[in-house]
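Observations on the three-dimensional arrangement
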Amino acid sequence: MRHQSLSGKHLDILQGRGLDASLLVKLGVVSTNTLAGDCIAIPYFDNGEIVNWKYRTITGEKMFSQDKDARKVFWNVGSLRDESLLEQPVVITEGEFDAMIALQCGFGRVLSVPDGAPAQTVTDPDSRKYSYIAEALPLLTKSPSIVLAVDADGPGQNLRHDLEVRLGRHRCRWVKYPEGSKDLNDVFMQHGQAGVVAVINSARWCKVDGVYRMSELPDSPYQQPMRLDMDVLDDHYRPRLGDFTVITGIPGHGKSSLITDIQCRMIAHGWPQASASFEQDPKRDHRRNLRSWIVGKREIDMTESEMRRADVWIDKWFTFIVPGVDDDVTLEWLLEKMGAAVVQNGVKMLSIDPWNEMDHVRPSDMSLTEYTGYAIKKFKAFARSHNIHLIVAAHPAKQRKTDAGIYSVPTLYDISDSAHWYNKADVGIIIHRDEFGTLIRVAKSRYHDEIGKPGDVRAHFMPYQSRFEIEAPEMRK
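So, a few notes on the structure that sits alongside this text. In this text, all values refer to a predicted model and were calculated from it rather than measured experimentally.

Once that is clear, we can look at the overall build of the protein. Secondary structure summary: the protein contains 13 helices and 19 strands in total. Over its C-alpha atoms the protein spans a radius of gyration of 35 Å, topping by over 25% the 23 Å that the globule rule assigns to 477 residues. Seen along its three principal axes, the alpha-carbon backbone of the protein occupies a region of about 110 × 45 × 45 Å. Burial statistics for the protein: of 477 residues in total, 50% are counted as buried. Of the contacts made within the protein by residues no fewer than 6 positions apart, 63% connect residues no fewer than 24 positions apart. Carbon and sulfur atoms make up 50% of the accessible area of the protein, which totals about 23400 Å².

Below you can see the structure in the form of structure tokens.
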């Protein structure tokens, strides 16, 4: 191997590409006979010492090589340690010639990757392909921004992706080349120094999911709140697709009955229903209550014709999620069944009754409160992504009595396991029976002007019809 000063022929070739002769000499570029044909050698410095040589042909077939077992570093990595350049962005190119062009145009903190661009993205975070990034990362993270001036072709985009992942997409910008240019060298040859400066200075921030300007945000699909036809309760609760409702109350005070009444009323709006009930038997309890709701009388008083008509209606509008004898009703199990009900049967409203009867298998490093918050997050995401209204019934953990021995009205904060039930729900409803009948309290409504304002409603449950009759406000005066 023999290095020598740049030959006149090689200098002419490189100057023909727009590279400045004095800069080439300053950077230590030399001619060499390492590879066949017209070949040059580019030194890689770190802390003033040459740690590697890059060899490349400059005419004919492109060929590259490097010193065997040499230390991999960015070309011009020493510029990152120059404190006089700290306010400048770092510019990373795919090859040394593009980096030299950027240097000529006034950018001081310019690097080139040593190995060019990969044929496909490198997913292994421990791959030695990018070992030089880890060494330079402490210096790179001090930069106000990193401009990725890689080639505008397939391998170049692979390199851009890999650099974004390893450097942090939030601090990276990417260049958009003018029509007919694929790298900085092309831009310089076609548009001069002003073109290179403009391209680098106008580099665009890499897109980070979840960060938008207002004009970039898509319009949220409008979902029409629906009326239940339950008198003044409609002022407080209007179901809407995509929302998550929690209903609580002391066991036996009417949570399941209220959910049944709500679901049956929503059929008037063409909403198919699904019920995942873990305290009721579908064939016995659900069918009896649903028959009574649609026929308007006790099951024992119905004719065979009325029951058949009711069963046709139930089969058309209701889907039941029923665990097998050996099934563990875990969160994952339930979400899978919910997905099947929505996709296969077109369900628009789905109820889980009650949350407390599920098999809550949680990771050992997750507290019950953390697990509950995680589950609610999953439920809310399911409601939004599948465009359904989801209702979850949950028992309160505490059942307080007054001095007179009467149960106090629970709050959403009393629900077992977590305050997340109040904090994360779109709608929170409490149902409570006392000597005057039934209190239905909408304790929380996230969007008052759309789905109703919080407030209390008095009602009477009519067991023969499985419905609630709402008291008119004047009756309570």
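A separate point is a negative patch on the surface. Taken together, the side chains of D326, D327, D328 and D359 make up a negatively charged region of the molecular surface. Mapped onto the secondary structure, D328 falls in the loop between β13 (318-320) and α10 (331-345). In this structure D328 comes out as exposed when scored by relative accessible area, which is 52%.

Judged by nonpolar contacts, the single largest core of 56 residues is most densely connected at F74, I92, M100, L140, L167 and L184. Among the elements that line this core, the one with the most residues is helix α6 (residues 184-201), at six residues. Core analysis: the next-biggest nonpolar cluster, separate from the first, contains 35 residues, V246, I352, F379 and L390 among them.

Moving on, we come to the packing of α10 against helix α11 (residues 368-386). One can describe the packing of α10 onto α11 by two numbers: an axis separation of 12 Å at closest approach and a directional angle of 10°. Judged by the angle between their axes, α10 and α11 are roughly parallel. Within the contact between the two elements, α10 uses L331, L334, L335, M338, G339 and V342 and α11 uses Y371, Y374, A375, K378, F379, F382 and H386. Looking at the contact of α10 with α11, its residues break down into ten nonpolar, two polar and one charged.

What follows is about the pattern of salt bridges. Pairing is possible between side chains of opposite charge, provided their charged atoms come close. In total, this model carries 26 salt bridges according to the counting rule given. Linking E135 and R71 is a salt bridge whose minimum nitrogen-to-oxygen distance equals 2.3 Å. In this pair, E135 sits in helix α4 (residues 131-140) while R71 sits in the loop between β5 (64-66) and β6 (90-93), placing the two residues 64 residues apart along the sequence. One salt bridge in this structure joins K297 and E306, with 3.2 Å as the shortest N-O distance. The partly exposed category is assigned to K297, whose relative accessible area is 27%. The exposure class of E306 is buried, given its relative accessible area of 18%. Through salt bridges with shared partners, a single ionic network connects D46, R71, R81 and E135.

Rules behind the numbers
- Residues numbered from 1 in each chain as written.
- Predicted model: local features only at pLDDT ≥ 70, side-chain atom pairs only at ≥ 80, totals over all residues.
- Heavy atoms only, no water.
- Helix = DSSP H or I, 4+ residues; strand = E, 2+ residues; numbered from the N terminus.
- Rg over C-alpha atoms; globule rule 2.2 N^0.38 Å.
- Buried < 20%, exposed > 50% of the residue type's maximum accessible area, 1.4 Å probe, protein only.
- Contact = heavy atoms within 4.5 Å.
- Areas by Shrake-Rupley, 256 points an atom, 1.4 Å probe, with all protein chains shown as cover.
- Patch = residues over 30% accessible without salt bridge, like charges linked within 9 Å, V, L, I, M, F, W, Y side chains within 5 Å.
- Salt bridge = Lys/Arg side-chain N within 4 Å of Asp/Glu carboxyl O.
- Lys, Arg positive; Asp, Glu negative; His and termini not counted.
- Charge placed at Lys NZ, Arg CZ, Asp CG, Glu CD.
- Core = buried A, V, L, I, M, F, W, Y, C linked by side-chain atoms within 4.5 Å.
- Axes fitted to C-alpha atoms, helices over the stretch in contact; angles between N-to-C directions.
- Parallel < 35°, antiparallel > 145°, perpendicular 65-115°, else oblique.
- Nonpolar A, V, L, I, M, F, W, Y, C, P; charged D, E, K, R; others polar.

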